[in-house]
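# Topology and contacts: notes
Here is how the chains run, residue by residue.
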Amino acid sequence: MCGIIGYIGSREAQPILLNGLKRLEYRGYDSSGIAVISPKRNAISIRKSPGKIKLLEKVLKEKPVFGSVGIGHTRWATHGSPTQGNAHPHADCKNEIAVVHNGIIENFEALKLQLIKEGHCFLSQTDTEVIAHLIGKFYNDIPLEDAVRQALRLLRGSFAVGVISKRETAKMVGARLGSPLILGLGKNENYIASDVPAILGLTRDVIFLEDNEMAILGKDSFKVIDWHGQPVAKKPVHIAWDTASAQKQGYKHFMLKEINEQPQVLENLLNLRIDTKSRKINFKEMEICEDKLKDLKHIFIVACGTAYHAGIVGKYALESLCSIPVSIDFSSEFRYRDLLVGPDTLVIAISQSGETADTLAGAREAKKRGSIVISICNVLGSTLTRESDGVIYTHAGPEIGVASTKAYTAQVLVLYLFAFYLAQIRASMPVVKINRYLDDLNKIPKQIGMILKRQQTIAKLARKHAHFGSFLYLGRNINVPTVLEGALKLKEIAYIPAEGYAAGEMKHGPIALIDEYRAVVCIAVESKVFEKMVSNIQEIKSRKGKVIAIATEGNKEIKGLTSEVVYIPKCEEIFSPLLAVVPLQLLAYHIAVKRGCDADQPRNLAKSVTVE
Ligand code: G6P
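Residues numbered from 1 in each chain as written. Predicted model: local features only at pLDDT ≥ 70, side-chain atom pairs only at ≥ 80, totals over all residues. Heavy atoms only, no water.

This part takes up the pattern of salt bridges. For the structure on display, the rule yields 31 salt bridges. With a closest N to O distance of 2.7 Å, Lys406 and Glu261 form a salt bridge. Pair noted here: Lys406 is in helix H13 (residues 406–426) and Glu261 is in the loop between helix H6 (254–260) and helix H7 (262–273), with a separation of 145 residues, a long-range link. The burial state of Lys406 is the same as that of Glu261; both residues are buried. Among the salt bridges present, the one from Asp439 reaches Arg279, with a minimum N-O distance of 3.0 Å. You can see Asp439 sitting in helix H14 (residues 431–453) and its partner Arg279 sitting in the loop between H7 and helix H8 (290–294), a full 160 residues away along the chain. Among the ionic contacts, a cluster of salt bridges with common partners joins Glu145, Glu168 and Lys171. (Salt bridge = Lys/Arg side-chain N within 4 Å of Asp/Glu carboxyl O. Helix = DSSP H or I, 4+ residues; strand = E, 2+ residues; numbered from the N terminus. Buried < 20%, exposed > 50% of the residue type's maximum accessible area, 1.4 Å probe, protein only.)

Here it is in structure tokens:
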């Protein structure tokens, strides 16, 4: 949901800003721009372009900007269509300052009317331009940060901003309320960015700004203050991610690379979380005492998108392994419900980015009502992790593809581990049984590796079915979330209408859709519902539906029903979502590629949804 980058140092800012924007493009990619202070001209040079960053790059090749202080922005339009005029950065009337913004200013209309009355002239339809004019209005004989502070105090909504001024060329200001902003600390140069990947390769020392905080950066100094101008002490955090993890490394798309990283990600997680000797699960960073978790009466899971599907797997696992009732809600629904949560409820908020506006709001609501909130998150130091009572990191490394893959399987694995952790501390299952399960769970990374070895077969299958105009995905029990996720992947990146359904519900509606033009992906792995899935497949076949089945290796029955079968290794039924989802990720990916879609940056979507 928009990406911000800023640089202050001694090098040319343009290439640094451009590289940063490329790495942030997953946050929004409908238009982009940069602003650089040109000391020679005593002016701010702004270049913008509608469309993806490569178009901005073209503009900059023809008309480069020179200077060592600058800000950049990649946009996901909220107010005003993605035109050159609406692209950031925006300037005040005198072109003295330039602003980039991520978030939404809810009271921008009233502020804009007032500013127009006062003689300000607006050039765009964006809410952001209001910020530029407000700063311009207050920027008289005071330092830039004071003018920014006065302006920001009038805003309602959520934002992260970066501001530069041609009057104070050795300074860059960044501030946040509700949208993420980090400071990157280099040697004789500093950065602001929406996210860590933007500055990987430049520095690994970062500071996470909190809401109502503002940073004033020089090339070799930084200061953080609050909205009242009071200094705030901040400690830099060292990031373990390396540059390679944010590069494609020979893969055609980040999504394909991330699908292929899953065995390693899951293996690392298992090694990190399960003590080899004691077999105890550890969540060191969670910092919630076990006693608080022993007597829980209810668990609520809140999440959006793919994380929500991981949450449904978690619900099945937690109920089955810990005998504790679990409810799950979309964060966007949870936050507005009459919530029956309290001190004996645990709320698990799942979010890859830790910045999703609805999930944050849900977690805050739950905390207000006295629940314990644990977040499952991939991004170190993100807002959700800082606001939760406890955090469990998924350690999947940066996920750049907008359609989530490795973050999903890492979330699912963490949920299994959390279920075993609860089972251990609540003694809800015999230790021998838990350990047997853990042995099976340890085999999963290798088994995913075996599926990935057959990816060419799945690619072939995908190409064969890429012309279908719509898909139905069916599964039962713990693989209902798998089919929801499979259908979501196809919708997101191949733009094919796809529906995921509990197969038992097929006869109550979706069966009406089935004819020879419908492709139906059925998860029919060995399980207590296998026979039921076989009956569903028969019903689809007798209506001429085209069945693609995901089945367990060695199973002969499915082969007799359809020639299109992807086999996955035999595993415990409860862990089958971790395996069954992999062919569905690959199927969606290869169909998208065959249809000429950009698998990494699907239209209209953004990886991090920081607006409601
Ligand atoms: C967006 C992304 C999805 C993601 C969802 C939730 O819709 O495109 O990939 O699953 O947000 O994001 P979160 O960061 O909270 O997991």
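Taken together, 14 residues sit near the ligand, with Thr306, Ser351, Gln352, Ser353 and Thr356 positioned nearest. Thr356 has a polar side-chain atom sitting 2.4 Å from an oxygen atom of the ligand. Summarising the interface, the protein chains cover 90% of the accessible area of the ligand, which totals 380 Å² for the free molecule. Applying the majority rule of atoms within 2 Å of the grid points places the ligand in the largest pocket. Ranked by residue count, the leading element in the shell around the ligand is helix H9 (residues 305–322), at 3 residues. Residue classes in the shell around the ligand are distributed as 5 nonpolar, 7 polar and 2 charged. (Near = heavy atom within 4 Å. Polar contact = N/O pair within 3.5 Å; in protein donor to acceptor, adjacent residues only side chain to side chain. Areas by Shrake-Rupley, 256 points an atom, 1.4 Å probe, with all protein chains shown as cover. 1 Å grid on protein atoms, 1.4 Å probe; cavity = no way out; pocket = protein on both sides within 12 Å on 5 of 7 lines; lining within 4 Å. Sits in = over half its atoms within 2 Å of the grid points. Nonpolar A, V, L, I, M, F, W, Y, C, P; charged D, E, K, R; others polar.)

What follows concerns the sheet that holds strand S19 (residues 390–393). Read across the open sheet, the 5 strands follow the order S16-S15-S17-S18-S19; overall the sheet is parallel. Among the strands making up the open sheet, the edge pair consists of strand S16 (326–330) and S19. Between one strand axis and the next, the sheet turns by 20° as a mean value, whatever way the strands run. In this structure, strand S15 (residues 298–303) lies alongside strand S17 (residues 345–351), joined through 6 bridges in parallel fashion. Paired with His298 across the two strands is Thr345, which belongs to S17. Strands S15, S16 and S17 of the sheet are contacted by H9, whose axis makes an angle of about 175° with S16. Where H13 meets the sheet, it contacts S15, S17, strand S18 (372–377) and S19, and its direction lies at approximately 160° from that of S17. (Pairing = 2+ DSSP bridges. Axes fitted to C-alpha atoms, helices over the stretch in contact; angles between N-to-C directions. Contact = heavy atoms within 4.5 Å.)

Functional significance is not addressed by these values, which are geometric in nature.
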